[in-house]
Amino acid sequence: MRDSVVGHLILKDWRLNRPLIVLSVLGGLIALVIVSWGGQTPFVLGGVWFFMALILMGHMLPFGIINERKRQNLPFLMSLPISSIQYTISKLISTLGLFLIPWLMLLISAGVLIEVRHVIPLGWIPMSLILAILPFIGFVLITAAALVGEKEGWGVAANVVCSSSYWFVWYAIARIPSVAAGFNSPFPLWNSAVRNVLACEFGTIVMILALTFFFQSRKKDFI
Amino acid sequence: MSEFAIELSGVEKKYKFFTLDKIDLKVPEGQIMGLIGPNGAGKSTTIRILMGLVHQDRGEVEVLGRQMPSEQVAAKWDIGFASEDMRLYDLLTIGWHMDFIRSIFPEWDDAYAQMLLKRFGLREEQKIKGLSHGQRVKMTLLLILARRPKLLVLDEPTTGLDPVARHEILRELTAAMTDEGRTVLFSSHNTQDVEQISDQITFIDRGRIIDSMDKELYLDRWRRLRLEVPLGIRLPALPGIIEVKQEGRLAVATANAFVPDLANAYENAGARIQRIENMTLEEIFVANVEHSREEEVNA
């Protein structure tokens, strides 16, 4: 029986990217162990390391797509019974899955750490979530650039823009008074400002994904 | 279903510095069609259009009875495609690639794959990055042949190969044709390769098909006539003669529709026929391209 090739392509990407995911999860878990030691220095060091692991994973994964084009594997894949849209779907499912599963694992681990070890006030949970979603946005943006842009430069440019933006955006969000108000709270404050920031983040992700499909479906030359 | 495995009619594709202009091409089922053209003639663009990888601006493309690009998924189950710019995954092994293709195509013939592996001198545990260019081409061919596709589309498969590897590839392609009903479209700028295995030949230049017919008919219809022309005699313009080059008393006329009457006509005009030569496919190709370009300039 002839199955859809999309599933086979997703499995292939999972096999090829396993080492990167294992390394990122390990990196993130080590960072959380450092945070769990308690005190300001381990918190700052571990926190930065934790977000670096998320960023690294989000920025490295889309380079699989760029490399497939650069190393001329794309004609091989497109010789299989798939359309350009099916290729796009397979890439989005595989890379989103590859990112989201370890991302969620790390996020849940961080949540458990905050809850159980009380290394930081619970009021930090909303802000941590907001911060952790930004590498997710960066990942989606770089993935979109890798798929839609046909040159390596687009992926690199998206990478540079994201890498240089995180700290500014985190700083700007932390300066929103009603978001910052919850930092020292003994429980998470899910006020309207936090909810709005989260809605903006998820809206951005959905918009980037929709635009990716829109541009891919309009392409007339796929190789 | 149509008697043609591939049918392109009125296909156009415009780029900034190149236009594929009203391409009409028909490849009958069970035939090997050689698509010959110089670099940049439009061979790869034509092939990408018929694979659904590039969408035509105008015209109809039907492959194995499927409209392209809209039905490319259904069509590609039965097409084995290899192109010069196609690369396998460098860090993975031959065995991994075979497993990958086997998992997708239920038609995969493992015994045939193993036989090809042996014949090509390849081993499953070899990584692609350690293979030579010739071995990579053989590996790609193995992956598509073991799927037993109805149609093989090969874009410059022999480019850059040494004579031995080229011979092996061509031999396997010829052997693959023993499968009843299998069709091959094979592009190259190497006329020797095409001459060796093709039944039909199409010449393409500057985005236009300049000629397409049976190989034997080409070789039969094209001739070079070496003439001695006495002083004061003017050679007549004859239908079927596309070019006459004369230096002093010696002239060479190239015919694309040779009949013995042409030689008689020159003799009747006062010239003496020194020799009538058969032309190789390469000579026919070059003469055809030059003639077509000259016509384009004069038009």
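Residues numbered from 1 in each chain as written. Chains lettered and ligands numbered in written order. Predicted model: local features only at pLDDT ≥ 70, side-chain atom pairs only at ≥ 80, totals over all residues.

Caption draft 1: Region of interest: the overall build of chain A. A count of helices and strands for chain A gives nine helices and zero strands. The secondary structure elements of chain A, listed N-terminal to C-terminal, are α-α-α-α-α-α-α-α-α. Taking 223 residues into account, the globule formula puts the C-alpha radius of gyration at 17 Å, and chain A, at 19 Å, falls close to it. Once the C-alpha set of chain A is aligned to its principal axes, its extents read approximately 55 × 35 × 30 Å. Relative to its full complement of 223 residues, chain A shows a buried share of 33%. Look at the contacts in chain A between residues 6 or more apart in sequence, and 77% of them connect residues 24 or more apart. (Helix = DSSP H or I, 4+ residues; strand = E, 2+ residues; numbered from the N terminus. Rg over C-alpha atoms; globule rule 2.2 N^0.38 Å. Buried ≥ 20, exposed ≤ 12 C-beta atoms within 10 Å, placed from the backbone. Contact = placed C-beta atoms within 7 Å.)

Caption draft 2: Examining the overall build of chain B more closely. Of regular secondary structure, chain B possesses 10 helices and 14 strands. Looking at the 299 residues of chain B, the share that counts as buried comes to 40%. The contacts in chain B between residues at least 6 apart in sequence include a share of 72% that link residues at least 24 apart.

Caption draft 3: Just the nonpolar core, in detail. Core analysis: the largest hydrophobic core is formed by 87 residues, its most contacted members being Leu50(B), Val63(B), Leu142(B) and Val153(B). With seven residues, the single largest contributor to this core is helix α5 (residues 133-145) of chain B. (Core = buried A, V, L, I, M, F, W, Y, C linked by C-beta atoms within 7 Å.)

Caption draft 4: Representation of the confidence of the model for chain B in the model. The predicted model of chain B averages 91 in pLDDT, with 99% of residues at 70 or higher. The ipTM assigned to the predicted complex is 0.87, against a pTM of 0.87. (pLDDT = per-residue confidence, 0-100.)

Caption draft 5: Summary view of the interface of chain B and chain A. Facing 20 residues of chain B, the contacting portion of chain A comprises 20 residues. Of all elements in the fold, only α2 (72-76), β6 (79-83) and α3 (94-104) of chain B reach the threshold of two or more residues within the side of chain B that touches chain A. Counted by class, the side of chain B that touches chain A contains 11 nonpolar, four polar and five charged residues. (Nonpolar A, V, L, I, M, F, W, Y, C, P; charged D, E, K, R; others polar.)

Caption draft 6: Local environment of helix α2 (residues 40-60) of chain A. All names here are of chain A. End to end, α2 covers 30 Å across 21 residues, agreeing with the expected 30 Å (1.5 Å per residue, within 8%). Gly46, Gly47, Phe50, Phe51, Ala53, Leu54, Met57 and Gly58 are the residues of α2 that are buried. Projection of α2 onto a plane perpendicular to its axis shows the buried side chains occupying an angular sector of 140°, all on one side. Of the exposed residues in α2, those oriented more than 90 degrees away from the buried face are Thr41, Val44 and Val48. Close packing links the buried residues of α2 with α1 (5-36), α5 (84-117) and α6 (124-148). (Expected span 1.5 Å × (residues − 1). Arc of directions from axis to C-beta.)

Caption draft 7: Examining the pairing of strand β13 (residues 250-255) of chain B more closely. Residue and element names in this part refer to chain B. Pairing analysis gives six bridges linking strand β11 (residues 223-228) to β13, with the strands arranged antiparallel. Considered in β13, the bridge of Leu227 is made with Ala251. One ladder, built from six bridges, connects strand β12 (residues 241-247) with β13; its direction is antiparallel. The residue of β13 that forms the bridge with Val244 is Ala253. Between β12 and β13, which follow one another and run antiparallel, lie two residues, and Gly248 among them has a positive phi close to 60°. (Pairing = 2+ DSSP bridges.)

Caption draft 8: Spatial organisation of the packing of α1(A) against α5(A). Residue and element names in this part refer to chain A. Contact pair α1 / α5: the axes reach a minimum separation of 9 Å and the direction vectors enclose 20°. Taken together, the axes of α1 and α5 are roughly parallel relative to one another. Of the two possible hands of crossing, α1 and α5 adopt the one that is right-handed. Residue classes in the contact of α1 with α5 are distributed as 17 nonpolar, nine polar and two charged. (Axes fitted to C-alpha atoms, helices over the stretch in contact; angles between N-to-C directions. Parallel < 35°, antiparallel > 145°, perpendicular 65-115°, else oblique. Left-handed = near helix turned anticlockwise from the far one by under 90°.)

Caption draft 9: Seen up close, the sheet that holds β11(B). All names here are of chain B. Read from one edge to the other, the open sheet built from four strands follows the order β12-β13-β11-β14, with strand pairing classed as antiparallel. Unpaired on one side and paired on the other, β12 and β14 (272-278) mark the two borders of the sheet. Between one strand axis and the next, the sheet turns through 20° on average, direction left out of account. Against the sheet, helix α9 (residues 260-268) contacts β11, β12, β13 and β14, and its axis sits at roughly 160° relative to β14.

Caption draft 10: Quick peek at the sheet that holds strand β3 (residues 32-36) of chain B. All names here are of chain B. The six strands lie next to each other as β6-β7-β8-β3-β9-β10, forming an open sheet whose pairing is mixed. Only two strands of the sheet have a single partner each, and these edge strands are β6 and β10 (208-214). Each strand axis lies, on average, 15° off the axis of its neighbour in the sheet, ignoring direction. Note that strand β7 (residues 151-155) and strand β8 (residues 183-188) share five bridges and pair parallel. From the neighbouring strand, Leu152 faces β8, where its bridge partner is Val184. Against the sheet, α5 contacts β6 and β7, and its axis sits at roughly 170° relative to β6. The strands touched by helix α10 (residues 281-298) are β3, β9 (200-205) and β10; relative to β9, the strand with the most contacts, the crossing angle is about 40°.

Caption draft 11: Just the packing of α6(A) against helix α7 (residues 152-174) of chain A, in detail. Residues and elements named next belong to chain A. Where α6 meets α7, the axes come as close as 9 Å, and the angle between the chain directions of the two elements is 160°. Looking at the two axes, α6 sits roughly antiparallel to α7. Note that α6 runs across α7; the crossing there is right-handed. Contacts from Met127, Ile130, Leu131, Leu134, Gly138, Leu141, Ile142, Ala145 and Ala146 in α6 reach Trp154, Gly155, Ala158, Asn159, Cys162, Tyr166, Val169, Trp170, Ile173 and Ala174 in α7. Tallied by class, the residues present in the contact of α6 with α7 amount to 16 nonpolar, three polar and no charged.

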